[in-house]
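# Descriptive structure summary
Chain residues, written in single-letter form:
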Number of protein chains: 2
Amino acid sequence: MAKKLVYYFGGKKADGKAEMKSLLGGKGANLAEMVNLRLPVPPGFTITTEVCTHFYKNNKKYPPELKKQVQLSLKRVEKELGVKFGDKNNPLLLSVRSGARASMPGMMDTILNLGLNDETVLGLIAKTGNERFAYDSYRRFVQMYGDVVMDLKPRTEDEQDPFEVLLQNKKNSKGITLDTDLTAQDLKELVQEFKAEIKNKLGKDFPENPEEQLWGAIGAVFSSWMNERAIVYRKLNNIPAEWGTAVNIQSMVFGNMGIESGTGVAFTRDAASGENIFYGEYLMDAQGEDVVAGIRTPLPISKLNEQNPVLYKQLDNIRIKLEKHYKDMQDLEFTIQQGKLYILQCRVGKRTGLAAARIAVDMVKEKLISEKEALLRVEADQLNQLLRPVFDMNEKRNAIKEGRLLTKGLNAGPGAATGQIYFNATDVVEAAERGEKVILVRIETSPEDIKGMNASEGILTSRGGMTSHAALVARQMGKVCVAGCSALEIDYAARTMRVEGNGTAVIREGEWISIDGTTGEVLEGKVNTKDSEILQVLLDGTMKPEESEYFRVYDQLMKWSDKFRRLKIRTNADQPDQCANAVAFGAEGIGLCRTEHMFFGGDRIDAVREMILADNKEEREAALEKIFPYQKEDFIGIFKEMGGRPVTVRTLDPPLHEFLPHSEIEQKDLAAKLGKTYEEVKAKVDSLHEFNPMMGHRGCRLGIVYPEITYMQARAILEAAAECIKQGLIVHPEIMIPLVGHYHELENQAKVVREAGNRVIKETGVNLDYLVGTMIEVPRAALTADQVAKYADFFSFGTNDLTQLAMGLSRDDSGKFLPYYVSSEILPYDPFVTIDSGVGELVKIAVEKGRSEKPKLKIGICGEHGGDPQTIGFCNSTGLDYVSCSPFRVPIARLAAARAALLSESRNGKPAARKKPAAKKLIKKTAKKKTRR
Amino acid sequence: MAKKLVYYFGGKKADGKAEMKSLLGGKGANLAEMVNLRLPVPPGFTITTEVCTHFYKNNKKYPPELKKQVQLSLKRVEKELGVKFGDKNNPLLLSVRSGARASMPGMMDTILNLGLNDETVLGLIAKTGNERFAYDSYRRFVQMYGDVVMDLKPRTEDEQDPFEVLLQNKKNSKGITLDTDLTAQDLKELVQEFKAEIKNKLGKDFPENPEEQLWGAIGAVFSSWMNERAIVYRKLNNIPAEWGTAVNIQSMVFGNMGIESGTGVAFTRDAASGENIFYGEYLMDAQGEDVVAGIRTPLPISKLNEQNPVLYKQLDNIRIKLEKHYKDMQDLEFTIQQGKLYILQCRVGKRTGLAAARIAVDMVKEKLISEKEALLRVEADQLNQLLRPVFDMNEKRNAIKEGRLLTKGLNAGPGAATGQIYFNATDVVEAAERGEKVILVRIETSPEDIKGMNASEGILTSRGGMTSHAALVARQMGKVCVAGCSALEIDYAARTMRVEGNGTAVIREGEWISIDGTTGEVLEGKVNTKDSEILQVLLDGTMKPEESEYFRVYDQLMKWSDKFRRLKIRTNADQPDQCANAVAFGAEGIGLCRTEHMFFGGDRIDAVREMILADNKEEREAALEKIFPYQKEDFIGIFKEMGGRPVTVRTLDPPLHEFLPHSEIEQKDLAAKLGKTYEEVKAKVDSLHEFNPMMGHRGCRLGIVYPEITYMQARAILEAAAECIKQGLIVHPEIMIPLVGHYHELENQAKVVREAGNRVIKETGVNLDYLVGTMIEVPRAALTADQVAKYADFFSFGTNDLTQLAMGLSRDDSGKFLPYYVSSEILPYDPFVTIDSGVGELVKIAVEKGRSEKPKLKIGICGEHGGDPQTIGFCNSTGLDYVSCSPFRVPIARLAAARAALLSESRNGKPAARKKPAAKKLIKKTAKKKTRR
């Protein structure tokens, strides 16, 4: 039997079902599912994604059996509807749409009204008795086919669409502004003008044969899988090219058959805020693309309840049925054809991070999903939107008072953004590369704008509704968006925008505006932003928890996250205020306290420089004695803020030359302060110059050559700890040695630390519990982790340096090639953001070898990767005990850790690797050892 | 039963034997073996190395059972000889000597004549009837015991030995110069003066009790295992501290019982040249240390044949017996006591590299050993001595004509050295650190001078013979040495030397001399050196093979090496003359041809700079077109020299800024040449600045961003190959991509190379066979070698960069801490000389993963480690196919590879990992692939 390449849907039972997304794509699978759910779906069939794969593997040829299967399915549609494809009396019209496994809205091509030609249009007229409708459909079809299949498109971003130009000319010649005012005759003429334009520009005829039209459309849809914007979108969303798209061929229903017809797009909840309300838009006497493309501004769905309460009720019931069935917010497309409702598509609805969080929390309350499912519904990075700045209310109020409120549009992507305006994607990308904050201003966005949208702070459009391209994509990207600002007049050629009724005042390319995606307001000039509600509750105290809906959602998600995650979350902080923030966000300890930041500022840096310029150990020790009290005070401040949570302090890491001044004036100044000559200071600075400082005299290499530095630091940490303990506090210091490559280095430095510890214990009489461990950031340490583990109470991966060394990639110098590497897919992503798989190999080796020596070795990560959800997933599956990230990433890390645990549970059918970090036991063991000394 | 801690030797059968070196040390085991061989050995016993280990593990305490076992053994000696320890009538006198598993000549302490005191000396007089001898022995014992056990030593290098001062005073007061002219009374007085000096300087008495003396001496010998010079020696010779030393306690025989007595040291062959002659020295009426310490200049052993042919014959028979028994050249100590011969020690004799090579080759001819054993007898680095420069004969002849021949001494360490003189070890080390070439000049050397000897080019002494400390150690170190230049008057205090009979002319510290260790000549000033005999035969053609004894030895060793080694040996060369040298030395291909060296010089660098400063691809390609013909010519030259051997060419590696001028003048000059402004050039240079250039925009990252560079280089290589093939030559180009970290990088560059290759094949019509492979020098590439191997025809480890990255260690910046790391044993050795074990882990991972993907993947090493014997051993056991090193290291690598194969065979009982490199098959496979393209 030939392989099944085509799946029919229609009647009472479809060939496919929702679970067959890989084969049928999301749209095809859901069309089948909706048929099975007995929803009113126009019949049709789906060509599988396997055909797409075959198409690209075989030089754009189809499997031989495809043609026949398509013909048979077409026959079934004809039979079900009692119509005939290409029939001049009762023609079947088709839509041809893409549909990949993952939703890629607007990225690929769609053809509607397929099957019309100069003959069948007469049949359509005969059948509907609506000549104007028939020629309008025909006009739309020729335009779409000419654009998508025949590729007659504007060639530059500033050029107008050739079909739109003809349409506009026609309207101008008739003195009308609305498409709906065009007569059947006008449209009939336009069809011929469009065809002539095609012939003129492309040198070939528009195909009259419906079968030729169909295969042209199928080919165009498959080809669009590899168009540039689809490739960009897949890269942004990690969708593999191998998945391919399906093609859905469906009988047409018409929203443009007059005022009893219409079309709409709706979400089962508010996709921007997450509120549980029916949320959508529709247009009467229109086809679907009118809504999505943003050419006409549609009506909110609530209006339908006024206009046609019966139909609204029917639609609302479908909404409830879909949510109950799919247990998730759905995005649906419907068409009303002469008073009869059809559902054309349903899929999981895209939403903002705010909405994702709120919907997930609410659906648990509504008993639709479990807590675990709720966590898996919110991408960790989406949580960022809850923490995103809003406008400073006072500033915004003042701006409004000053008359800077330009206009109001649709609040399509919540958040506050301020930036310089640019009018096309290319300019936006260039400006962003120059470091500008940019707002993309377009009449309407199209898939060609994706790159520019991604590079912008926010998007402002003058046309299109809440479900327009701009709104959909902005929400998905988490961008601020104000859409459909109809008072805005945008002139691409002049690169200006002005507000209707605002006199001659124009805003030019490069000038600042501010947009509020939560309210839809557009303001002239810069308006500063302030903390999100979450921060106002947690940190600023300017809001009470019960005042904020989003705090409720945040708090609930965090509680569930903490219930299911295995990884502990620590923070990287070296100032008491940073510690306070991190603790408010739920940090369970400090994973990395850098001591060098404490070395700068005021008198300290002088003492540090004196230490560096010392000629011998005695001078160096004298200078270190001056630094000691500062360091001790710093640690006391940190220990107090951390309230008994473990604190990992790294000993001095950067090369000493980083602390010295490099200009002649500063060097002379320093020489005078230290009673040295300028030449002496300069000579010392010069002698410390390094060719590759990243791999130079830094990290533990400093502490080994100058053990007195490590000794002073250990003493400061441990005296601070002793003092806090005397005050009745609990303190768990963990001293971390950086840049260890050979276990002898750790052995050496651990000995110095223990010597300082013994002195502090003896002098203070406080029985200190502390750990001595090491960064794993040199590949050699990872490769010999079993040896290193002998001398380590804990490991902490410094993945920044580990990445630099494992990949031989200087982060500071990689700007010349790393962007090219990522854009040309030599590297799948920036390895300084998400841990690289090769670097991951080293992490795995180190964990395995380290625990082979010490099965309960505590292991964490403190590089900047520690706040990256994908890396957190890796850390969870590799069996790490904790991740450490910047204070503001802590909530994201908590959620990411929970998601990682749940995903690994669902993969393995059981919780991941280690159940309980062995921290407590380790501390006890070390304490015992210490007593024996 | 108590553990056996003491092993007796004497009578007809010893407790021990030669195989028990770990337990008894080399000396103890050989003493036992000689007893078993029925050689005349004075009886005694050995305290095992296990006691030493116990001693250091237990705070310098002995095992409780030791005392009793020592007493019992002492009784056996007393019984065998009919004497009694501490007896005032017939006293037993003992020697107490160290003896570790590996020989450490002169590094540890020795006590002779132990058991003498004011009472037993009378018994010795009674027994021998020789009062002078008895007091001479007593004087020596007190001096030695005072020095070694009681630690009364000169405190600075320039200070005189306090006992020697007293001895000199005594001689001065008597108006005599020779020790032998001192009377019994003089010596008796000296004993009391020595004791008074001890009491005066140390505040304690010399011990009169023989038992106390014995345990003091045993303690001193064990303690000397940890003295500084022994520690340095062990480090230089890779001897683990855990081995410990044994202590040998042996009944004394006396070479200083008058003119019928004597003592000597001999080698069974010439330890300097390797010639098969009995070779040694003796002194009548002397004790052993007189010969070794170089205080008196001894007679050559051939003299003994004249003085006492019977005794000589007996000794020569023992020599032959020992060589037959041990099958190696032996170093033996003998004493003649009143006409009777005793053998005190025998061990494998230290020798120069020259001698090691010659003895090994000769002993095969004599059927004493096998070819394999011969190879294992010559350390690969020793071969260096055969290749070491000799003086330029004309220069030397002229120097002699000019009267610059100062004097002649003993040719104790062959080779030619020229350098500035310094008179103590500290000064030598400092001067060498300043970069000076230094010759150490000492009256005599002692173990304290080891560091200085190691840092010098050569050693010159005024006292001591061919077996003096200076001579022995110099030969072992492979240093040039002229010893026993008795005409030399050295003044440590004034830091000058003058030659007796040479008027007032003095040579001062820091002035140049030249010494010929092959002839013993000492010349004033600098005399330039020239190639060794091997090079004169192989490269210069100034000597015929049959004229050179050492060429015979070299050639034979190389033939055997080639017979047994598994690893191929290639060379790193990028100039035709380097290629010629390497081929003469036996290189089987080029492992690394750097293309960047070709970029410098004349017009080329201009074109290179033009390429770098190009504003766009077209300009860059135009500049590359100018470089192309130069590169092509270079490769033609190399292919011709390499005559069909494979040639691995690396594409451009260094960052582009290395090719640009950095001074303002040069930049202006360049700007003028290129028709650019100075500002443009400066801006470009500045924009190319990198913080960590080692990890910056270099290696394949250049070729990926600028594929036209790789394309030009590949085209130049392959067009050159095609041209050579057209001329009837065989060429195997292997194009190597540097700094690959991700397989996509190699995939990308291999594609560019293949494109160039296809063009050349098409344009020339030559069917080229070539490989495309990669350096493995980035840890990530090693960790993901299975992925990389998919795109690689071969791997070549760039261990320099791999070491830098794996250890996070910038070679150029490591000067501040790496020497300290090695000296304080944080690292066991310089990882840029011998491959580090952690880096080795990466190599193993890469080999394993690479071959898991391609079982026959050709793998080599082309870092500077490729010429290091220890690293070659690692490469052999890791299954590499070849090593590549500088041309002059090729012979050493050949030998090292053979030794590695033999050692691995003896470890595993079978030849190592891979039998045949799969090169040929791979080439065929690739060729086939190419045809399919």
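Heads up: the structure comes first, above all this text.
Attention here is on the structure that accompanies the text. Since we're looking at a predicted model, the values are computed, not measured.

### Thoughts on the pattern of salt bridges
Applying the stated criterion across every chain yields a total of 148 salt bridges over all chains. A:Arg140 is the partner of A:Asp136 in a salt bridge, and the nearest nitrogen-oxygen pair spans 3.2 Å. Here the residue A:Asp136 and the residue A:Arg140 both occupy positions in helix α5 (residues 131–148), the gap between them amounting to 4 residues, near one helical turn. For B:Arg139, the salt bridge identified is with B:Asp136, shortest N-O distance 3.2 Å. Here the residue B:Arg139 and the residue B:Asp136 both occupy positions in helix α5 (residues 131–148), the gap between them amounting to 3 residues, near one helical turn. Each member of the salt-bridge network shares a partner with another, and the members are A:Asp562, A:Arg565, A:Lys568, A:Glu588 and A:Arg894.

### Let's talk about the packing of helix α21 (residues 576–584) of chain A against helix α23 (residues 617–642) of chain A
Residues and elements named next belong to chain A. Packing of α21 against α23 brings their axes to within 9 Å, and their N-to-C directions diverge by 15 degrees. By the criterion of interaxial angle, the relationship of α21 to α23 is roughly parallel. Classified by chirality, the crossing of α23 by α21 is right-handed. Every residue of α23 that contacts α21 at Pro576, Cys579, Ala580 and Val583 is listed here: Gly637, Ile638, Glu641 and Met642. In terms of residue class, the contact of α21 with α23 is made up of 6 nonpolar, 1 polar and 1 charged.

### As for the environment of A:Glu193
Residues and elements named next belong to chain A. Position of Glu193 relative to the elements: it lies in helix α7 (residues 184–202). Taking C-alpha positions, Glu193 is 9.5 Å from Leu167, a pair spaced 26 residues apart along the chain. The residues contacting Glu193, other than those within four sequence positions of it, are Leu166 and Lys170. In terms of polar contacts, Glu193 uses its side chain to reach the side chain of Lys170, at 2.9 Å.

### Some thoughts on the sheet that holds strand β23 (residues 512–516) of chain B
Residues and elements named next belong to chain B. As summarised here, the arrangement of the 8 strands in space is β14-β24-β23-β16-β17-β18-β19-β15, forming an open sheet in which the pairing is mixed. One side of each edge strand has no neighbouring strand; the edge strands of this open sheet are β14 (405–408) and β15 (410–413). Adjacent strand axes in the sheet meet at a mean angle of 30 degrees when their direction is disregarded. As defined by bridge partners, β15 adjoins strand β19 (residues 480–483) across 3 bridges and the pair is classed as antiparallel.

### Let's talk about the interface of chain B and chain A
Every contact between the two is made by 48 residues of chain B and, on the other side, 47 residues of chain A. At the surface where chain B touches chain A, the tally comes to 4 salt bridges. A:Glu841 is the salt-bridge partner of B:Lys849, the closest N and O atoms lying 3.4 Å from each other. Our enumeration of links across chain B and chain A arrives at 28 residue pairs in polar contact (both at pLDDT 80 or more). The leading source of residues in the side of chain B that touches chain A is helix α33 (residues 837–853) of chain B, at 6 residues. Among the residues making up the side of chain B that touches chain A, the classes are represented as 23 nonpolar, 14 polar and 11 charged.

About the cut-offs
- Residues numbered from 1 in each chain as written.
- Chains lettered and ligands numbered in written order.
- Predicted model: local features only at pLDDT ≥ 70, side-chain atom pairs only at ≥ 80, totals over all residues.
- Heavy atoms only, no water.
- Salt bridge = Lys/Arg side-chain N within 4 Å of Asp/Glu carboxyl O.
- Helix = DSSP H or I, 4+ residues; strand = E, 2+ residues; numbered from the N terminus.
- Axes fitted to C-alpha atoms, helices over the stretch in contact; angles between N-to-C directions.
- Parallel < 35°, antiparallel > 145°, perpendicular 65-115°, else oblique.
- Left-handed = near helix turned anticlockwise from the far one by under 90°.
- Contact = heavy atoms within 4.5 Å.
- Nonpolar A, V, L, I, M, F, W, Y, C, P; charged D, E, K, R; others polar.
- Polar contact = N/O pair within 3.5 Å; in protein donor to acceptor, adjacent residues only side chain to side chain.
- Pairing = 2+ DSSP bridges.

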